[in-house]
Amino acid sequence: MSEQTVKGELRVIPISVSEAIVPEKARRTTAGEYLVNALKEKGIEVRDKDVFVLTSKLVSLFDGRTINLNTVIPSRKAKILGKLFHKDPREVELIMREGKVLAVIPFKKIAKNPVIWKRMLQFSANPEGTRQALDISTYVFVVNNHAAYLDDAGIDFSNSPPDYVTLLPKDPCASAKRIRKEITDLTGKEVAVIITDTVSVLGRMGSQDVAIGYSGIDPITRKSGKEDLFGEPHLGGNDLVVDSMAGIAGLVMGQMNESTPATLIRGYDYEPEREDEEPKGMELIAYPKNMAFRASFLTILTTIWFYIADFLTFQKWPKDEEN
């Protein structure tokens, strides 16, 4: 396939499937071979510095992370929590095996607020389907894993056969590294691989795809401290490249019946991964462990001090006077 590429221009190529990938089919090949063959069918050859962005669901299928709920024996704790929070105790068991539950969101109770419910229906393609889904997602357990805050530990209960769920890859960065090697071995090209999952966006009525694993690409730009247009040092500039790529790909891959579990992004001149750097993987871009509580505590204290100072120095601002 011939194409003209403008410098700095990104090309996003969807890698679609004609039929759903099931565990039996995934066992007959590898993820890398599957992706390369899918591109060949489109007449697209892999190039150096191509970025493969894959849904975690696709990777999990090839990693054998699809679980039959009938094989899960819930613990006594999972049974009690399941009853209290209206969740299948087998699902609660799997969530707790994946990581520590940091918060429980009473999703249905929040959605019952007329303002929230009206907004949800405003964005709904099928209001009745939204109502039915809300009865299933009564409570959401939030787990911090792979440097992301994941709803129900990232376990996928949709787009799976009855009684089956899909867990996230055990080690997404290791999976990305293996898939990258498979693609390189098959094509002779140096590529990068990013694995994504969908998370809720705090304070917004929607979700966003973020990276939970990567290989071959520096996950973050390193420009903090460089001078801005006026010669002043700038504190920002550390853009999360892998999350930006995940967001771009997420628009193409979708979450429903788009049948596009992967994309190829071409044209971004990324920096290679620093193999000898510590910490490695997602820990490199995660907030340092045990610092989140301290940062939250200091933020709360500082905010209280601000409101006290604001109250003691009360005055009308121009905006208030206009009203």
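Structure shown above.
Residues numbered from 1 in each chain as written. Predicted model: local features only at pLDDT ≥ 70, side-chain atom pairs only at ≥ 80, totals over all residues. Heavy atoms only, no water.

> Looking at this structure, I do not really get the pattern of salt bridges. What am I missing?
Opposite charge on two side chains lets them pair, provided their charged atoms get close. One pass over the structure, following the stated rule, counts 17 salt bridges. Among the salt bridges present, the one from D218 reaches R222, with a minimum N-O distance of 2.8 Å. The class of R222 is partly exposed, set by a relative accessible area of 34%. In this structure, the salt-bridge partner of R222 is E277, at a minimum N-O distance of 2.8 Å. Taken together, the positions of R222 in the loop between β9 (207-215) and α10 (241-253) and E277 in the loop between β10 (262-266) and α11 (292-312) put the pair 55 residues apart, joining distant regions of the chain. One network of salt bridges, with partners in common, ties together D218, R222, R274 and E277. (Salt bridge = Lys/Arg side-chain N within 4 Å of Asp/Glu carboxyl O. Buried < 20%, exposed > 50% of the residue type's maximum accessible area, 1.4 Å probe, protein only. Helix = DSSP H or I, 4+ residues; strand = E, 2+ residues; numbered from the N terminus.)

> Please explain the side chain of T138 as it appears in this structure.
With respect to the element layout, T138 can be found in the loop between α8 (127-136) and β5 (140-145). By relative accessible area, T138 is classed as buried at 13%. In terms of polar contacts, T138 uses its side chain to reach the backbone carbonyl oxygen of D135, at 3.2 Å. Beyond its immediate chain neighbours, meaning those up to four positions away, T138 contacts H86, I105, P106, F107 and K108. (Polar contact = N/O pair within 3.5 Å; in protein donor to acceptor, adjacent residues only side chain to side chain. Contact = heavy atoms within 4.5 Å.)

> Mind showing me how you'd approach the sheet that holds β9 here?
Where strands meet in a sheet, backbone hydrogen bonds hold them as pairs that are either parallel or antiparallel. Strand order in the open sheet formed by five strands is β1-β10-β2-β8-β9, with mixed pairing between adjacent strands. Each edge of the sheet is formed by a strand with only one pairing partner; in this case those strands are β1 (11-15) and β9. The average undirected angle you get between the axes of adjacent strands in this sheet is 30°. Sheet analysis places strand β8 (residues 192-200) next to β9, joined by eight bridges and oriented antiparallel. Counterpart to V193 in the pairing with β9 is S215. (Pairing = 2+ DSSP bridges. Axes fitted to C-alpha atoms, helices over the stretch in contact; angles between N-to-C directions.)

> Please clarify how the nonpolar core should be interpreted in this entry.
When a protein is soluble and globular, its nonpolar side chains tend to lie buried together. In terms of nonpolar packing, the biggest core is built from 33 residues, with I15, L35, F52, L54, L58, I179 and I183 touching the most fellow members. Counting residues per element, this core draws most heavily on helix α2 (residues 31-41), at six residues. Leave out the neighbours within four places in its chain, and I179 touches A31, G32, L35, L54, V59 and V193. Counting 16 residues, the second largest nonpolar core, distinct from the first, contains Y214, V241, V242 and A249. (Core = buried A, V, L, I, M, F, W, Y, C linked by side-chain atoms within 4.5 Å.)

> Explanation requested: the packing of helix α7 (residues 114-122) against α8 in the structure shown.
Angle between the axes and distance between the axes: these two values describe a pair of packed helices. Running from N to C, α7 and α8 cross one another at 125°; their axes reach a closest spacing of 9 Å. Taken together, the axes of α7 and α8 are oblique relative to one another. Two packed elements cross with a definite hand, and for α7 against α8 that hand is right-handed. Across the interface between the two elements, W117, M120 and L121 of α7 pack against P127, T130, R131 and L134 of α8. (Parallel < 35°, antiparallel > 145°, perpendicular 65-115°, else oblique. Left-handed = near helix turned anticlockwise from the far one by under 90°.)

> Looking at this structure, how should I read helix α5 (residues 89-98)?
Each α-helix turn comprises 3.6 residues. Residues three or four places apart therefore point the same way. What α5 keeps buried is the set E91, V92, E93, L94, I95 and E98. Buried residues in α5 make contact with α4 (76-84), β4 (101-105), β5 and β7 (164-166).

> Would you take a moment to explain the packing of aromatic side chains for this structure?
For the structure shown, the criterion picks out five aromatic pairs. Judged by centre distance (5.2 Å) and plane angle (85°), the ring pair of F85 and Y139 falls under edge-to-face. On the criterion of sequence distance, the pair formed by F85 in the loop between α4 and α5 and Y139 in the loop between α8 and β5 is long-range, its members being 54 residues apart. Judged by relative accessible area, which is 24%, F85 ranks as partly exposed. Taking the relative accessible area as the measure of exposure, Y139 reaches 11% and is therefore buried. Between F293 and F297, the ring centres sit 6.4 Å apart and the planes meet at 15°, which makes this aromatic pair stacked. Taken together, the residues span about one helical turn, with F293 and F297 both in helix α11 at a distance of four residues. On the basis of relative accessible area, F297 is assigned to the partly exposed category, the value being 45%. Pairwise contacts between aromatic rings join F85, Y139 and F141 into one cluster. Between K49 and the ring centre of Y270, over which it is positioned, the NZ or CZ distance is 4.5 Å. The ring of F141 carries K87 above its face, with NZ or CZ at 5.2 Å from the centroid. (Phe/Tyr/Trp six-rings, centres within 6.5 Å; stacked < 30°, edge-to-face > 60°. Lys NZ or Arg CZ within 6 Å of the ring centre and 35° of its normal.)

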